[in-house]
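Observations on the model geometry
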Amino acid sequence: AQSVTQPDIHITVSEGASLELRCNYSYGATPYLFWYVQSPGQGLQLLLKYFSGDTLVQGIKGFEAEFKRSQSSFNLRKPSVHWSDAAEYFCAVGAFGNEKLTFGTGTRLTIIP
Amino acid sequence: DTEVTQTPKHLVMGMTNKKSLKCEQHMGHRAMYWYKQKAKKPPELMFVYSYEKLSINESVPSRFSPECPNSSLLNLHLHALQPEDSALYLCASSQDRETSGTLAKNIQYFGAGTRLSVL
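**Re the nonpolar core**
Within the largest apolar cluster, 26 residues are counted, with the highest numbers of intra-cluster contacts made by Leu19, Trp35, Leu47, Leu48, Phe74, Leu76 and Tyr89 of chain A. Sort the elements by how many residues they give to this core and strand E10 (residues 87–95) of chain A lands first, with four residues. Core analysis: the next-biggest nonpolar cluster, separate from the first, contains 23 residues, Met13, Trp34, Leu74 and Tyr89 of chain B among them.

Encoded structure:
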């Protein structure tokens, strides 16, 4: 069975600083990996996805993520955060032919001036 | 356009009421999903419809009854709910299952959700 771990429950970053959110997955074959962002009381917005190919993927809002098979990781990065990036971030894993997504427990990002 | 529309945005209901949540997408997606999300928790899958047929029911109590009248519309009928059912209910849609030779992508697009309060 697939699983996702987001080790950081809450991260606080200064505006303009760089960001890295961690995600580790467990899956026997090649996973499909996603990062979603959720603002309070809102739905989930897809930031980026990895299916195959280039292990560094670019997403919306200046985010990127790197798939590292050897570390079973798919960490999300942004070089300079903005106050509007404050939200909950979920990493998720899917698989071929399987409609189910398994979500991590989320990381809440707070931005301070 | 990757829009999934959910109505209503907010719903308050008593434990004896019957209500319905509605979800609509016009992206030609053939898989649609209902999730339940409690505060500070990740979404939990409830149901999956694929080509208008129920393909996954995650052992959801019968007081939740899904319906997929056509490929663009997904309903969740609610009856005799409990206060612990209060949550954000999210709908999502995606293209059909991957077919060989394509990465046709189980990319799920989510609606903004319905905030349900059961009194």
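**Details of the interface of chain B and chain A**
Interfaces are often described in size by the accessible area the parts lose on coming together. At the interface, 26 residues of chain B touch 23 residues of chain A. Between chain B and chain A we count one salt bridge in total. Across the pair Glu58 of chain B and Lys100 of chain A runs a salt bridge whose closest N-O atoms are separated by 3.1 Å. For the side of chain B that touches chain A, the elements supplying multiple residues, two or more each, are strand E4 (31–37), strand E5 (44–50), strand E6 (53–57), strand E9 (87–94) and strand E10 (109–110) of chain B. Considered class by class, the residues forming the side of chain B that touches chain A number 14 nonpolar, six polar and six charged.

**A look at the sheet that holds strand E7 (residues 64–70) of chain B**
Residues and elements named next belong to chain B. The antiparallel open sheet is built from four strands, whose spatial order is E1-E3-E8-E7. Of all strands in the sheet, those with a lone pairing partner are strand E1 (4–7) and E7, marking the two edges. Recorded for the sheet is a direction-independent mean angle of 20° between the axes of neighbouring strands.

Quick notes on the rules
- Residues numbered from 1 in each chain as written.
- Chains lettered and ligands numbered in written order.
- Predicted model: local features only at pLDDT ≥ 70, side-chain atom pairs only at ≥ 80, totals over all residues.
- Heavy atoms only, no water.
- Core = buried A, V, L, I, M, F, W, Y, C linked by side-chain atoms within 4.5 Å.
- Buried < 20%, exposed > 50% of the residue type's maximum accessible area, 1.4 Å probe, protein only.
- Helix = DSSP H or I, 4+ residues; strand = E, 2+ residues; numbered from the N terminus.
- Contact = heavy atoms within 4.5 Å.
- Salt bridge = Lys/Arg side-chain N within 4 Å of Asp/Glu carboxyl O.
- Nonpolar A, V, L, I, M, F, W, Y, C, P; charged D, E, K, R; others polar.
- Pairing = 2+ DSSP bridges.
- Axes fitted to C-alpha atoms, helices over the stretch in contact; angles between N-to-C directions.

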